[in-house]
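# Structural description and commentary
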Amino acid sequence: MYLNCHTYYSLRFGTFSEVELLQLAQQNHVSQLVLTDINNTSAGLNFVRKATDFGVKPILGIDFRNGVQPCFIGVARNNEGYLELNDFLSQHLHDKSKIPNRAPTFKNAFVVYPFEQVLLNELSHFQDHEYIGISIKDLRRLPFSKLATLKDKLVVQQPVTFRNKQDFNAHRLLRAIDNNLLLSKLSKEEEADEEEKMYPVQNLAAAFSEFPHILENTEKLLNTCSIHFDFSKDRKPQNLKTYLGSVEEDERLLEKLCIEGLPYRYEEVNDSIKNRLNKELELIKKMGFVSYFLINWDIVSKARQRGFFYVGRGSGANSIVAYLLRITDVDPMELDLYFERFINLYRTNPPDFDIDFSWRDRPAMTKYIFERFDHVALLGTYVTFKERGVIRELGKVFGLPPQDIDFLLTGRYTLEQLDHVSRLVIKYGGLLKGKPNYLSIHAGGILISDKPLHWFSATHLPPKGFPTTQYDMVIAEDVGLYKFDILGQRGLGKIKEALEIVAYNQSEKYEGIDIHDIKGFKKDAVINNLIKTAQCMGCFYVESPAMRMLLKKLQVDTYLGLVAASSIIRPGVAKSGMMREYILRHRNKGRTEEKAHPVMLEIMPDTYGVMVYQEDVIKMAHHFAGLDLGEADVLRRGMSGKFRSREEFQKVQDKFISNCRKKGYAESLISEIWNQVASFAGYAFAKGHSASYAVESYQSLFLRAYYPLEYMVAVLNNGGGFYRSEFYIHDARMMGATIHPPCANKSMAANHIYGTHIYLGMMYLRDLEHRVMERIVKERMLHGNFTSLEDFLDRVFIRMEQLSILIRIDAFRFTGINKHELLWKAHLMLSKNDRSEHPKLFPPRHQKFQMPQLNTTDLETAFEQLELLGFCLCSPFELLEEPPKNTNGQKDLQQYLNKHIDIYGYLVTVKNTSTHHGKRMYFATLMDQHGEVFDTVLFPPMAAKYPFRGKGIYRFYGKVVEEFGFLSIEVIKMKKENYIQDPRYADMRTSKKLLGSNK
């Protein structure tokens, strides 16, 4: 009887989930109902999926509104009707146009106009599929309305938005948040009626007892509706079924492409390669995944055609077919990649391909996919209310002062300390936390469907400009829609741009570079030594302090070692304590025989019996616990977090433990193995994933080894990486570069290299407008270098405040005139009035001004750079108020092993973490006076006593310790050192180093 039900996907309006709606229906003996969220279909698929569990017949519809103003309700008679409704809603969401008062003529959907709207818009004629909705509150007025005579057109329309008073209060808060209003200012028109509740069927029937025809009409309408989506275990994939139009043609093409790829990938094609290929092709055909492979092949082929770099990752990297089609660059034969992780007969979903493109190329590839295929959409996701965000929003709604909101955000209070309003914020914050706030876009998921995607939901149009589904990845997979992951990555941008820079800076060497010669890179001693010594600054996935530490401890100098390290570094392995155990066994092979369980060692000999990869979860579940491969994969997927709450995961966990008991394993062993599996499975990489990352790492390491300066410029131009820009600039200097501040005659917007001279890009000048940078570069390219400040001002339109930035950073040092003098000149030459942007017909005559002798100090220059660039180009140690008392650095750590050292360091990065007991501790990386980095650790007592206070130089006193060859300092005392007073605002006598006027 309920054909107007809302969930919390009626965003910032509804208050409970689609499952809670079904529970409510079950409690009130409602056997069929219509889900009609406001201009949203996010809950539709899961509503249908779960309805049978509650004995409810699901029907789908949409409550079409302009804001909160109702227009009409669409109720799908069948799936075709749902498609019509989604098409209609999507058009309005894409165009951002108003919903009309009168619905279009739907062929397979009913339209219900609320009683109030019929009266307001004076609707009188209704088509066969159109009805008038009457709620309980409308019954008082119905007998006195001329609409009472339209007996065949009246249906029950009792909206369901709340379960209780608490829901209504939450709804009012959501409406206030949506309107950015104080709760006290929220108008009644913005709220739903408090009586929009579900009543037991018998109560509803009693309310309409004087109008039995309304009940009959409603029953008849609902009985006519039926909606179906296949969520069964044996459901067919809904992705594009064929690439060429027929299965046979697709299969022939796939075989042809594989045969063509064999000589490219393998010098010798032996029987094991042929057998693996035939086995995969047979299974791919059997599972109906041929088109999925061909679509991915189409995408990467287009990328290569356009000169775009990409990396294929995910479980698909376990496939020789993917390797031959050049979707991935990982050889599954070399790595003995676990075939069943990639695909097995129990798996209904196709293998996962994550294809990374440069962040600059990804938009073009996304556009290509939308143009190339018919039914395409980006995958949606929901941004939920988070704890801090809710407190901030509710604080504003309740009118709390900003300082009170900030106090609540600290979390350092007891409820007894809080006033009544603050308690309400905390109370309702808990109620709203986790509810959907707005729709967003999945990081990289694209759906390519066989049917129109509006068959499954409406789409909206986020700022990226591509249609996006209103449901997320989990329910998409449930209904048989599997995403193509098209991701953006800066690491590939670095590789691509580095090659472009080599092409102009060392053109004679460029032709000899094959960046895809991974086999050669793996054997290159220079590259492998960089890994072993952890000289990986700027290199993809291997530059972080944690990775640098791990590489030194493992002394990794091979591709396979790097593949393992890429997975060991993940939080799960470390959390389970197995990262340390892996290092111990790696360094001492005897420990493996002593400590490894024989079953685990037999299953995972390459990793010393330690679970390192996602595949190891499947191996353990299958070989150790006796689960079949399908159950083992459910376990692996369940631990990823996506399905952790699902009951099927719990069943598999129970079976894992019961099977182990049947096999006679000791309870302690079962518990130990399960805890290892459970603690890291959600964070571990698939081996193919780690291998793909390692390939990209080797490409970046090759460039760092042989073209270090060009590579570092590319790193800087692509947003850096783990560290701040100043450290990549420092690293380039350590490798032989001369670093120059921005120059009007040499610099571009981005960084540029001439031989070994790197000119910083004007992009570092925080307040310099992009259009000014463009003007300068364009004018210089067209008409040559600037010869003087006057020449610059004649040719470039610029305002005084923008020119001042360039002069202060010494961008006109080529003139040989001191920048103080140039500033005076600029002020005298540029009037405060706006200057014409039109070119001058005749060059102007410049008045000559008599200037006093002016000087600039090194310290002034350093502080000017600090202000304008965010860092200085001299050593930060030169800015100390008191010079360092010693010259200790990273080079001295070995001689201080197990002794105490006094050392100064410029903070590079600090990682805040917590012990098992929740106490704060720090790991910090610093740069010494000689430009080398060293590492420190502050255990909780020291962390509490000596917190880091931002960028700057710190003096440490601590003990030098070693673990597996990695040296670090356990800090006992720490003090932040003061910089000298900024000489620009201090007595100039503090500045001792005078530069000549030619600087």
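None of the values given here were measured: they were computed from a predicted structure. (Residues numbered from 1 in each chain as written. Predicted model: local features only at pLDDT ≥ 70, side-chain atom pairs only at ≥ 80, totals over all residues. Heavy atoms only, no water.)

### Let's talk about helix H1 (residues 18-27)
- Within H1 the residues assigned to the buried category are Glu18, Leu21, Leu22, Leu24 and Ala25. For H1, the arc enclosing every buried residue in end-on projection is 155°, short of the 170-degree limit, so these residues lie on one face.
- Of the surrounding secondary structure, the elements contacted by the buried residues of H1 are strand E1 (2-5), strand E2 (32-38) and helix H2 (44-51).
- Trailing H1 by a residue or two, histidine 29 shows a phi angle of about 60°, which is positive. (Buried < 20%, exposed > 50% of the residue type's maximum accessible area, 1.4 Å probe, protein only. Helix = DSSP H or I, 4+ residues; strand = E, 2+ residues; numbered from the N terminus. Arc of directions from axis to C-beta. Contact = heavy atoms within 4.5 Å.)

### Describing the packing of aromatic side chains
- According to the stated counting rule, one finds 43 aromatic pairs in the structure shown.
- Ring centres of tyrosine 266 and tyrosine 323 lie 5.7 Å apart, and the angle between their planes is 70°; this geometry places the pair in the edge-to-face category. Taken together, the residues span a long stretch of sequence, with tyrosine 266 in the loop between helix H8 (247-265) and helix H9 (271-287) and tyrosine 323 in helix H11 (residues 320-324) at a distance of 57 residues. Residue tyrosine 266 shares its accessibility class with tyrosine 323, and that shared class is buried.
- With 5.4 Å between their ring centres and 85° between their planes, phenylalanine 293 and phenylalanine 353 make a pair best called edge-to-face. (Phe/Tyr/Trp six-rings, centres within 6.5 Å; stacked < 30°, edge-to-face > 60°.)

### Description of the pairing of strand E21 (residues 953-963)
- Inspection of the sheet shows strand E18 (residues 900-914) paired to E21 by seven bridges, in the antiparallel sense. Within E21, the residue paired with isoleucine 903 across the bridge is phenylalanine 956.
- One ladder, built from 10 bridges, connects E21 with strand E22 (residues 966-976); its direction is antiparallel. Paired with phenylalanine 956 across the strands is methionine 974, a residue of E22.
- Hairpin connection between E21 and E22: a loop of two residues separates the two successive antiparallel strands, and phenylalanine 964 in this loop has a positive phi of roughly 55°. (Pairing = 2+ DSSP bridges.)

### Notes on the confidence of the model for the chain
- Residues at a pLDDT of 70 or more form 92% of the chain, whose mean pLDDT is 90.
- For residues 832-838, every residue scores under 50 in pLDDT, and the model assigns this stretch 10 contacts once sequence neighbours within four places are set aside. (pLDDT = per-residue confidence, 0-100.)

### Side note on the pairing of E22
- Direction of pairing for strand E20 (residues 933-938) relative to E22: parallel, over a ladder of two bridges. What sits directly across from threonine 936, in E22, is isoleucine 969.

### Digging into unusual backbone geometry
- A positive phi angle, near 55°, is found at asparagine 180, a position not held by glycine.
- With respect to the helices, strands and loops of the structure, asparagine 180 is situated in the loop between helix H5 (165-179) and helix H6 (201-207).
- Given the relative accessible area of 59%, asparagine 180 is considered exposed.
- Although it is not a glycine, tyrosine 608 sits at a positive phi angle of roughly 60°.
- Note on placement: tyrosine 608 falls in the loop between helix H28 (598-603) and helix H29 (614-624).

### A closer look at the sheet that holds strand E6 (residues 130-134)
- As summarised here, the arrangement of the seven strands in space is E1-E2-E3-E4-E5-E6-E7, forming an open sheet in which the pairing is mixed. Pairing within the sheet leaves two strands with one partner each, and these edge strands are E1 and strand E7 (154-156). Recorded for the sheet is a direction-independent mean angle of 35° between the axes of neighbouring strands.
- Sheet strands in contact with helix H3 (residues 79-95) are strand E3 (57-66), strand E4 (69-76) and strand E5 (109-114), and its direction is about 20° off that of E3. (Axes fitted to C-alpha atoms, helices over the stretch in contact; angles between N-to-C directions.)

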